Structure formats: C-alpha cells, structure tokens
Amino acid sequence: ANCHSSNAPRPTSQMTCQDAISIATLAADQHFQVEKSVVFGLMEMLQVGETEERERAAFALGCVAANCSENREVMMECGVAQLMIDLLHRMLAV
C-alpha cells in the first residue's frame, strides 16, 4: 500500500481524524511504507489539533512505527521523536 493511493488520506494540513484512523489501519500491513508528507501531516495534527485529533495522530504514528523499521527511519528523519519529547515537556509543565 502507498500513502498516495486512491484510498489513502490527504498528506496535508487538512488531515482529519478519519485520515489518522485510515493511516493506522493501513499501517497494520507490514508492507505499508509511509511517506514524509503523511508523517508531517500527522505531526501538524499533534501540534495544532484539538484533543481528539492529537490523540488520533499520536495513535497513527505509533501504528506506523510498530511494524516497519523503514517507517521508523522516516519518522526519525521528520523529527517525530523530538516533537514527542517537546509535547511531553509541555504537558508536564502545565
């Protein structure tokens, strides 16, 4: 599966909760390879989304990372780890 196939979610700032769910579902396939644009869309949801959007984006990123080392590499290149650390620091500071 490819993130830009006809059933794939939009890899843009217009990403929705349903898109995040679709990504998580696609990620269950060990052959799923995420593209940076999709990771960046989920990262944006984590930063600026409402609570439910942030939760879905975090879940989707976890699913993407779970089955594929190549996906983890893409996520690291995109800065997901640092974003998660920054978000945790913000949550703890509240």
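Because the structure is a prediction, the values reported are computed rather than measured. (Residues numbered from 1 in each chain as written. Predicted model: local features only at pLDDT ≥ 70, side-chain atom pairs only at ≥ 80, totals over all residues. Heavy atoms only, no water.)

## Here's the deal with the packing of helix α2 (residues 36–48) against helix α5 (residues 80–93)
So, step 1. Interhelical geometry of α2 versus α5 gives an angle of 5° and a closest axis separation of 11 Å. With respect to each other, α2 and α5 are oriented roughly parallel. Residues Val 39, Met 43, Leu 46 and Gln 47 of α2 lie in contact with α5, whose contacting residues are Val 80, Leu 83, Met 84 and Leu 87.
So, step 2. Tallied by class, residues from the contact of α2 with α5 come to 7 nonpolar, 1 polar and no charged. (Axes fitted to C-alpha atoms, helices over the stretch in contact; angles between N-to-C directions. Helix = DSSP H or I, 4+ residues; strand = E, 2+ residues; numbered from the N terminus. Parallel < 35°, antiparallel > 145°, perpendicular 65-115°, else oblique. Contact = heavy atoms within 4.5 Å. Nonpolar A, V, L, I, M, F, W, Y, C, P; charged D, E, K, R; others polar.)

## Here we look at the confidence of the model for the chain
So, step 1. Per-chain confidence: the chain averages 85 in pLDDT, with 86% of residues scoring 70 or above.
So, step 2. Contacts of residues 1–8 to residues separated by more than four positions or lying in other chains number 17 contacts, the stretch itself having pLDDT below 50. (pLDDT = per-residue confidence, 0-100.)

## Here we look at the environment of Val 74
So, step 1. Checked against the element boundaries, Val 74 lands in helix α4 (residues 69–78).
So, step 2. For the pair Val 74 and Lys 36, spaced 38 residues apart in the sequence, the C-alpha separation amounts to 6.5 Å.
So, step 3. What Val 74 contacts, discounting residues up to four positions off in sequence, is Val 34, Glu 35, Lys 36 and Val 39.

## A word on the nonpolar core
So, step 1. Ranked by size, the top nonpolar core spans 25 residues in total, and within it Ile 23, Val 34, Val 39, Leu 42, Leu 61, Val 64 and Met 75 carry the most contacts.
So, step 2. Contributing elements (two or more residues each) for this core: α1 (17–27), α2, α3 (51–66), α4 and α5. (Core = buried A, V, L, I, M, F, W, Y, C linked by side-chain atoms within 4.5 Å. Buried < 20%, exposed > 50% of the residue type's maximum accessible area, 1.4 Å probe, protein only.)

## Quick word on α4
So, step 1. The set of residues buried in α4 consists of Asn 71, Val 74, Met 75 and Cys 78. Seen from one end, α4 has its buried residues packed into an arc of 100°, which puts them on one side. Of the residues in α4, the exposed ones pointing more than 90 degrees away from the buried face are Met 76 and Glu 77.
So, step 2. Packed against the buried residues of α4 are α2, α3 and α5.
So, step 3. Positioned one or two residues after α4, Gly 79 has a phi angle of 90°, which is positive. (Arc of directions from axis to C-beta.)

## Things to note about α1
Think of an α-helix as turning once every 3.6 residues; residues three or four places apart then point the same way.
So, step 1. Along α1, the residues classified as buried are Cys 17, Asp 19, Ala 20, Ile 23, Ala 24 and Ala 27. All buried residues of α1 fall inside an arc of 160° around its axis, so they share one side.

## Structural notes on the packing of α3 against α4
For any two helices packed against each other, the geometry is given by the interaxial angle and the distance between the axes.
So, step 1. At a minimum axis separation of 6 Å, α3 and α4 run at an interaxial angle of 130°. Looking at the two axes, α3 sits oblique to α4. Within the contact between the two elements, α3 uses Leu 61, Val 64, Ala 65 and Ala 66 and α4 uses Asn 71, Arg 72 and Met 75.
So, step 2. Its residues assigned to classes, the contact of α3 with α4 comprises 5 nonpolar, 1 polar and 1 charged.

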